Amino acid sequence: MSRYETPDALRHDSHTLAADARALLDATANIADEAVADARQRLTEALESSKDLRNRIQERAVYAAKATDKTIRENPYQSMGIAFGVGALIGFLLARK
């Protein structure tokens, strides 16, 4: 089982990567070399971009969860029927093996 099969492991690693990148930015703050300054700028932009992407993904996940909740609350019997059907299909497929 891969350690990236759980969202918590992926979230932890992404936070660790961001913290390491910020530490690298802090450690190289006093270096005046142009190549280092370029790399620092690209790293800063990448961190901001990843933060924006994470926020957009989180917003979409919350929106999808709310929409799913609303649909289930408006159609409880249909939702139970679909869940039962999917569960029966999965059970049938697993029993065949």
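About the criteria used
Residues numbered from 1 in each chain as written. Predicted model: local features only at pLDDT ≥ 70, side-chain atom pairs only at ≥ 80, totals over all residues. Heavy atoms only, no water. Helix = DSSP H or I, 4+ residues; strand = E, 2+ residues; numbered from the N terminus. Rg over C-alpha atoms; globule rule 2.2 N^0.38 Å. Buried < 20%, exposed > 50% of the residue type's maximum accessible area, 1.4 Å probe, protein only. Areas by Shrake-Rupley, 256 points an atom, 1.4 Å probe, with all protein chains shown as cover. Salt bridge = Lys/Arg side-chain N within 4 Å of Asp/Glu carboxyl O. 1 Å grid on protein atoms, 1.4 Å probe; cavity = no way out; pocket = protein on both sides within 12 Å on 5 of 7 lines; lining within 4 Å. Points joined across faces, edges and corners; volume = space filled by probe spheres on them. Nonpolar A, V, L, I, M, F, W, Y, C, P; charged D, E, K, R; others polar. pLDDT = per-residue confidence, 0-100. Patch = residues over 30% accessible without salt bridge, like charges linked within 9 Å, V, L, I, M, F, W, Y side chains within 5 Å.

A. Representation of the overall build of the protein chain. Along the backbone of the protein chain there are three helices and zero strands. A compact globule built from 97 residues would reach a C-alpha radius of gyration of about 13 Å, whereas the protein chain, at 22 Å, exceeds it by more than 25%. Each principal axis of the C-alpha atoms in the protein chain carries an extent, and together these give about 65 × 35 × 15 Å. Considering the protein chain as a whole, with its 97 residues, one finds that 8% of them fall into the buried category. For the protein chain, the exposed surface amounts to about 8500 Å²; the carbon and sulfur share of it is 61%.

B. Structural view of the pattern of salt bridges. Overall, the coordinates contain two salt bridges when judged by the stated rule. With a closest N to O distance of 3.6 Å, Lys51 and Glu48 form a salt bridge. Of this pair, Lys51 and Glu48 both sit in helix H2 (residues 34-74), three residues apart, which is roughly one turn of that helix. Where Arg73 meets Asp69, a salt bridge forms, and the shortest distance between an N and an O atom there is 2.9 Å. Taken together, the positions of Arg73 and Asp69, both in helix H2 and four residues apart, correspond to about one turn of that helix. Residue classification places Asp69 among the partly exposed positions, given a relative accessible area of 37%.

C. Broad picture of the layout of surface pockets. The space that makes up the largest pocket amounts to roughly 710 Å³. Its residues assigned to classes, the lining of the largest pocket shows 10 nonpolar, four polar and four charged.

D. Main features of the confidence of the model for the protein chain. For the protein chain, the average pLDDT comes to 84, and 94% of its residues sit at 70 or higher. Per-element mean pLDDT across the protein chain ranges from 79 in helix H1 (residues 7-27) up to 94 in helix H3 (residues 76-96).

E. Structural detail: a nonpolar patch on the surface. Taken together, the side chains of Ile82, Val86, Ile90 and Leu94 present a nonpolar region at the surface, about 410 Å² in accessible area. Turning to its location among the elements, Ile82 is positioned in helix H3. By relative accessible area, Ile82 is classed as exposed at 58%.

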